[in-house]
Amino acid sequence: MSALALRSAPSSIIASVRTTPARRPRLISPVFAAATPVVNMDPVERLQSGFKQFKSEVYDKKPELFEPLKEGQAPTYMVFACSDSRCCPSVTLGLKPGEAFTVRNIAAMVPPYDKTKYTGIGSAIEYAVCALKVKVLTVIGHSRCGGIKALLSMQDGAADTFHFVEDWVRIGFLAKKKVVTEYPHTPFDDQCTILEKEAVNVSLYNLLTYPWVKEGVAAGTLKLVGGHYDFVKGVFTTWEK
């Protein structure tokens, strides 16, 4: 399988193609049990019903998993994923409770280090790396991402449609610039597919602007992994920084 590799030099922020196989994060068999869908069920009742099924079919049957978690957490992964309801990383990757410290936002963006503008994301990264000692930072894009479509659709000088969305997805501007420059005649939907992966690479580069991440990568205690989940084709691809 071919994969994308992020160059470390700032002048090469976006990935180039390589043909060596990418090592994939270890996938775990899922422990969740999906609640039985009920037509026209009250939304709040649906939450209660889902928890009751989880408790009886998973929580009560796996004390060896949940008892240690009462004392603390020691996740292996920090996962950045999109807020899209179709792309829950715990479901698609079969991650167990306690295995992944997760941040979800529009288009799975990781902004660069900024002590005043992005403190929510910065604090999550700092806690995961410095306190929880995670070993792998993973950024996962996905097919048909609305945030990526919004980024690619934005026109210079045009007024924003939303209060926050456009300003947030501009984090991926360098990825957009690469796509429109290198694929000017490619159909829009295909450009979006390319941009879904290029935006992940920008986020991987941005992770290296956080001092403790840069130090961990240099010391070999941290690994950066990009991923893309295509829920149309049922394919999950990974590549390493």
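For the structure, see preceding data.
Just so it is clear, the structure is predicted and the values come from calculations on it, not from any experiment. (Residues numbered from 1 in each chain as written. Predicted model: local features only at pLDDT ≥ 70, side-chain atom pairs only at ≥ 80, totals over all residues. Heavy atoms only, no water.)

Colleague: Sorry if this is basic, but what is going on with the environment of Ser153 here?
Modeller: If you trace the backbone, Ser153 turns up in helix H5 (residues 146-153). A sequence separation of 39 residues divides Ser153 from Cys192, and the C-alpha atoms of the two residues are 9.6 Å apart. (Helix = DSSP H or I, 4+ residues; strand = E, 2+ residues; numbered from the N terminus.)

Colleague: How should the nonpolar core be read in this particular structure?
Modeller: One broad trend across soluble globular proteins is that nonpolar side chains are buried collectively. The biggest cluster of nonpolar side chains holds 43 residues, and the ones touching the most others in it are Met78, Phe80, Met109, Ile125, Leu137, Leu207 and Val213. The dominant element in this core, judged by the number of residues it contributes, is helix H8 (residues 188-207), at seven residues. Not counting chain neighbours up to four residues away, the residues in contact with Met109 comprise Ile148, Leu151, Trp168, Val169, Ile171, Gly172, Ala199 and Ser203. By size, the runner-up hydrophobic cluster in this structure holds 11 residues, among which are Tyr77, Cys87, Val136 and Ile140. (Core = buried A, V, L, I, M, F, W, Y, C linked by side-chain atoms within 4.5 Å. Buried < 20%, exposed > 50% of the residue type's maximum accessible area, 1.4 Å probe, protein only. Contact = heavy atoms within 4.5 Å.)

Colleague: Explain the sheet that holds strand E3 (residues 77-82) to me, please; I cannot follow it from the model alone.
Modeller: Strands belonging to one sheet form pairs held by backbone hydrogen bonds; the direction of such a pair is parallel or antiparallel. On the basis of which strands lie adjacent, the open sheet formed by five strands has the order E4-E3-E5-E6-E7 and mixed pairing. The open sheet has two edge strands, strand E4 (100-105) and strand E7 (235-240), and neither has a second partner. When the angles between neighbouring strand axes are averaged without regard to direction, this sheet yields 20°. (Pairing = 2+ DSSP bridges. Axes fitted to C-alpha atoms, helices over the stretch in contact; angles between N-to-C directions.)

Colleague: Hey, could you run me through the pattern of salt bridges in this one?
Modeller: Pairing between side chains of opposite charge can happen when their charged atoms approach one another. Tallied over the entire structure, the rule returns five salt bridges. Residues Asp84 and Arg86 are paired through a salt bridge, measuring 2.7 Å at the closest nitrogen-oxygen approach. When its relative accessible area of 15% is taken as the criterion, Asp84 is described as buried. Note that Asp160 is salt-bridged to Arg170, the shortest N-O span being 3.0 Å. (Salt bridge = Lys/Arg side-chain N within 4 Å of Asp/Glu carboxyl O.)

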